[in-house]
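Below are the chains, spelled out letter by letter.
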Amino acid sequence: MARDITIGQYFPGKSLLHKMDPRVKIVLTLVFLVVIFLCKNFWAMGLMVAFLLGGVLISGVPFKMLLKSLKGILLIIFITAILNLFYATGGKVLLDLKFAQITDKGVYTAIFMAVRISCLIISSSLMTYTTTPTMLTDAIERLLSPLKVFKIQVNTLAMMMTLALRFIPTLIEEIDKIMNAQKARGADLESGNLIERAKALVPILVPLFVSSFRRAYELAFAMECRCYTGSNERTRMKQMKMSFLDFIFIFGIIVLLAGVILLNRFFVHLI
């Protein structure tokens, strides 16, 4: 399961999404996440899914790789769908149980919420897949630059956020190694009830924390040896400039937002 978490990874490529200005990419991703929550019916959600699938095709990232990022949250999607299935009220009763009723509205809501969560994860993963950690750091620093008025070290904050995102795959790989080492020594990590399995993870957390602190110290020492200061005087090898391509994607998001608003207005009673 640990290997299925792919957040923070970068997929090399030369697609249109890879060539976008990372600042525009981050802003449009945030707007897209807002649009997902604005969808109120399946028509609006369908339009949003179509745009997302178009982005996946343009990016060149294998769809199998994006689906792999969903494996880590399948349990959350399943629990959310079940809760909406039983607790949604209204609609035609499909199954009458002793403790609850399943209605057609509950089924629609469960499917709707599952699709919404899946789109949230896929769209976020698509941004990290098509943006290098260096460009992501520079973009976050530029976007947060207005905070310098409040004497906030924006460059340090951006570096911390990017390093945290970048080391997620590394920590996941470390967890996998520790679990395999524990299993080789006879540890049982998969049997028993939920509490017993949680207790079995304690021997994994201790070496994981030790390894994390060691990696953090080594990284800080390496950055200090390379005279990294994070000051505003730092130069960049690649300068970020908005191009005509970025304005095309901005226009596309505006069209998507307008389409979702119109579909919400004219098909409000579908769910």
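The coordinates are above.
Keep in mind that this is a model prediction, so the values were computed, not measured. (Residues numbered from 1 in each chain as written. Predicted model: local features only at pLDDT ≥ 70, side-chain atom pairs only at ≥ 80, totals over all residues. Heavy atoms only, no water.)

### Points about the overall build of the protein chain
Working step 1: Check the secondary structure of the protein chain and you find eleven helices and two strands.
Working step 2: Taken from the N to the C terminus, the helices and strands of the protein chain come in the order α-α-α-α-α-β-β-α-α-α-α-α-α.
Working step 3: Counting over 271 residues, the protein chain shows a buried share of 37%.
Working step 4: For the protein chain, long-range pairs separated by at least 24 residues make up 73% of all intrachain contacts whose partners lie at least 6 apart in sequence.
Working step 5: When the accessible area of the protein chain is evaluated, it comes to approximately 17000 Å², of which 70% is carbon and sulfur surface. (Helix = DSSP H or I, 4+ residues; strand = E, 2+ residues; numbered from the N terminus. Buried < 20%, exposed > 50% of the residue type's maximum accessible area, 1.4 Å probe, protein only. Contact = heavy atoms within 4.5 Å. Areas by Shrake-Rupley, 256 points an atom, 1.4 Å probe, with all protein chains shown as cover.)

### Details of a nonpolar patch on the surface
Working step 1: Nonpolar side chains collect at one region of the surface, where Leu75, Phe78, Ile79, Ile82, Leu83 and Tyr87 lie side by side and expose about 660 Å² of accessible area between them.
Working step 2: Within the secondary structure, leucine 83 sits in helix H5 (residues 74-87).
Working step 3: By relative accessible area, leucine 83 is classed as partly exposed at 46%. (Patch = residues over 30% accessible without salt bridge, like charges linked within 9 Å, V, L, I, M, F, W, Y side chains within 5 Å. Salt bridge = Lys/Arg side-chain N within 4 Å of Asp/Glu carboxyl O.)

### Side note on the state of the cysteines
Working step 1: For the structure on display, the rule yields zero disulfides.
Working step 2: Its sulfur unpaired, cysteine 39 is 8.3 Å from the next cysteine sulfur, which belongs to cysteine 119. (Disulfide = S-S within 2.5 Å.)

### Describing the pattern of salt bridges
Working step 1: Throughout the structure, instances matching the rule amount to two salt bridges.
Working step 2: Here arginine 23 and aspartate 21 are joined by a salt bridge, their closest N and O atoms 2.7 Å apart. In this pair, the class of arginine 23 matches that of aspartate 21, namely buried.
Working step 3: Where arginine 215 meets glutamate 174, a salt bridge forms, and the shortest distance between an N and an O atom there is 3.0 Å. Separated by 41 residues along the polypeptide, arginine 215 in helix H10 (residues 202-225) and glutamate 174 in helix H8 (residues 154-184) bring together distant segments of the chain.
Working step 4: By relative accessible area, which is 27% here, arginine 215 ends up partly exposed.

### Quick look at the packing of aromatic side chains
Working step 1: Tallied over the entire structure, the rule returns three aromatic pairs.
Working step 2: Their ring planes at 90 degrees and their centres at 5.4 Å tell us that phenylalanine 42 and phenylalanine 112 sit as a pair that is edge-to-face. In this pair, phenylalanine 42 sits in helix H3 (residues 42-59) while phenylalanine 112 sits in helix H6 (residues 104-129), placing the two residues 70 residues apart along the sequence.
Working step 3: Phenylalanine 42 sits in the partly exposed class, given a relative accessible area of 31%.
Working step 4: Given the relative accessible area of 4%, phenylalanine 112 is considered buried. (Phe/Tyr/Trp six-rings, centres within 6.5 Å; stacked < 30°, edge-to-face > 60°.)

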